[in-house]
Amino acid sequence: MLFGVNKTFAKNLKIIFTILIFISFLLAGKFLVIYDIPQKVDVIVVLSGESGRIEQGLNLFHSGYAENLILSNSNAFITSNNLIMNIPKNHLFLEDKATSTYENAFFTKEIMDDQHFESAIVISTDYHMRRVKMNFNRVFKNDNTQLLFIGSKTGYISNLWWSQKHSLKMTIAEYVKILGNVLGIHGSEAKLRMYKLKEWFLNMVIDKF
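K.L.:
Would you mind going over the sheet that holds strand 2 (residues 69-72) with me for this structure?
P.N.:
In a beta sheet, neighbouring strands are held together by backbone hydrogen bonds and run either parallel or antiparallel to one another. The five strands lie next to each other as 3-2-1-4-5, forming an open sheet whose pairing is parallel. Unpaired on one side and paired on the other, strand 3 (92-95) and strand 5 (146-152) mark the two borders of the sheet. In this sheet, neighbouring strand axes are inclined to one another by 20° on average, regardless of whether the strands run parallel or antiparallel. Seen against the sheet, helix 5 (residues 129-139) touches strand 1 (43-47), strand 4 (119-125) and strand 5 and runs at an angle of roughly 160° to strand 5.

Rendered as structure tokens:
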């Protein structure tokens, strides 16, 4: 009888485990996307990268959510100069040293500490936001800075991420990068190693898609 109970318990546990894996699979895309409700803050921080980020940041800036703007890895915003040219120079801060999401957070914190900014809205691409939040929370963990995270919308399909090639690729890439960040992989050289691993994994998966 005891053996029968254990066997039934193991079978039920396997079913529950399978259901949890399936639910995690379905929610993997939505977990990556963060869109906090915007509030008035000291500064809006825009991370360089795909188009849409600077536009999202400027939309919030001109809507009055902050009087200051930080462009992290500002060299990458060179093509957006016409979009920021009307922002007063004493309210625009250009960070040009970051080579990773962690360094975006690290060098942003230096500027915020220097300017005594105590709150920020951080903007990046929608599917990048979970990793952004992870890295910023890690860097800012020992102070009381209020951080909000808002993703700029792309064509990423978070609820059906496996149904479209680009969304599938971005989802896999982000989870590989999250794993790398958890393991302490940051910076240009470390990112190169992670990039090779990511490309190998993506090619293996996408070819079967």
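K.L.:
Before we go on, may I ask you to explain the layout of surface pockets in this structure?
P.N.:
Space left empty within the atom packing is revealed by a probe, the size of a water molecule, rolled over the atoms. In this model, the second largest pocket occupies a volume close to 210 Å³. Asn81, Ile84, Lys89, Leu92 and Leu94 are, among the twelve residues lining the second largest pocket, the residues nearest its centre. The set of elements that each furnish at least two residues to the lining of the second largest pocket consists of helix 3 (81-84) and strand 3.

K.L.:
What exactly am I supposed to notice about the pattern of salt bridges here?
P.N.:
Side-chain pairs of opposite charge can arise whenever the charged atoms involved come near each other. Tallying each qualifying case throughout the model produces four salt bridges. Where aspartate 113 meets lysine 109, a salt bridge forms, and the shortest distance between an N and an O atom there is 2.8 Å. Remark: lysine 109 and aspartate 113 occur in helix 4 (residues 101-115); sequence separation between them is four residues, near one turn of the helix. Taking the relative accessible area as the measure of exposure, aspartate 113 reaches 39% and is therefore partly exposed. Residue class for lysine 109 comes out buried when judged on its relative accessible area of 18%. Across the pair lysine 109 and aspartate 143 runs a salt bridge, and its minimum N-O distance is 3.4 Å. With lysine 109 in helix 4 and aspartate 143 in the loop between helix 5 and strand 5, this residue pair connects regions lying 34 residues apart in the sequence. Judged by relative accessible area, which is 24%, aspartate 143 ranks as partly exposed. Via salt bridges that share partners, Lys109, Asp113 and Asp143 belong to a single interconnected network.

K.L.:
Mind showing me how you'd approach the packing of helix 5 against helix 6 (residues 165-182) here?
P.N.:
Axes are the key here: two packed helices are described by the angle between their axes and the distance separating the axes. The N-to-C vectors of helix 5 and helix 6 enclose an angle of 15°; their axes lie 10 Å apart at closest approach. When the axis of helix 5 is compared with that of helix 6, the two are roughly parallel. Crossing angle aside, the handedness with which helix 5 passes helix 6 is left-handed. Touching Arg130, Arg131, Met134, Asn135 and Arg138 of helix 5 are Glu174, Lys177, Ile178, Asn181 and Val182, all from helix 6.

K.L.:
What is the right way to look at the pairing of strand 4 in this model?
P.N.:
The side chains of a regular strand alternate between both faces of the sheet. Here strand 4 lies mainly inside the structure; seven of its seven residues are buried. Two strands pair when backbone bridges link them, and strand 1 and strand 4 are joined in this way by four bridges, in the parallel orientation. Along strand 4, the bridge assignment pairs valine 46 with isoleucine 123.

What counts, and where the lines are drawn
Residues numbered from 1 in each chain as written. Predicted model: local features only at pLDDT ≥ 70, side-chain atom pairs only at ≥ 80, totals over all residues. Heavy atoms only, no water. Pairing = 2+ DSSP bridges. Helix = DSSP H or I, 4+ residues; strand = E, 2+ residues; numbered from the N terminus. Axes fitted to C-alpha atoms, helices over the stretch in contact; angles between N-to-C directions. Contact = heavy atoms within 4.5 Å. 1 Å grid on protein atoms, 1.4 Å probe; cavity = no way out; pocket = protein on both sides within 12 Å on 5 of 7 lines; lining within 4 Å. Points joined across faces, edges and corners; volume = space filled by probe spheres on them. Salt bridge = Lys/Arg side-chain N within 4 Å of Asp/Glu carboxyl O. Buried < 20%, exposed > 50% of the residue type's maximum accessible area, 1.4 Å probe, protein only. Parallel < 35°, antiparallel > 145°, perpendicular 65-115°, else oblique. Left-handed = near helix turned anticlockwise from the far one by under 90°.

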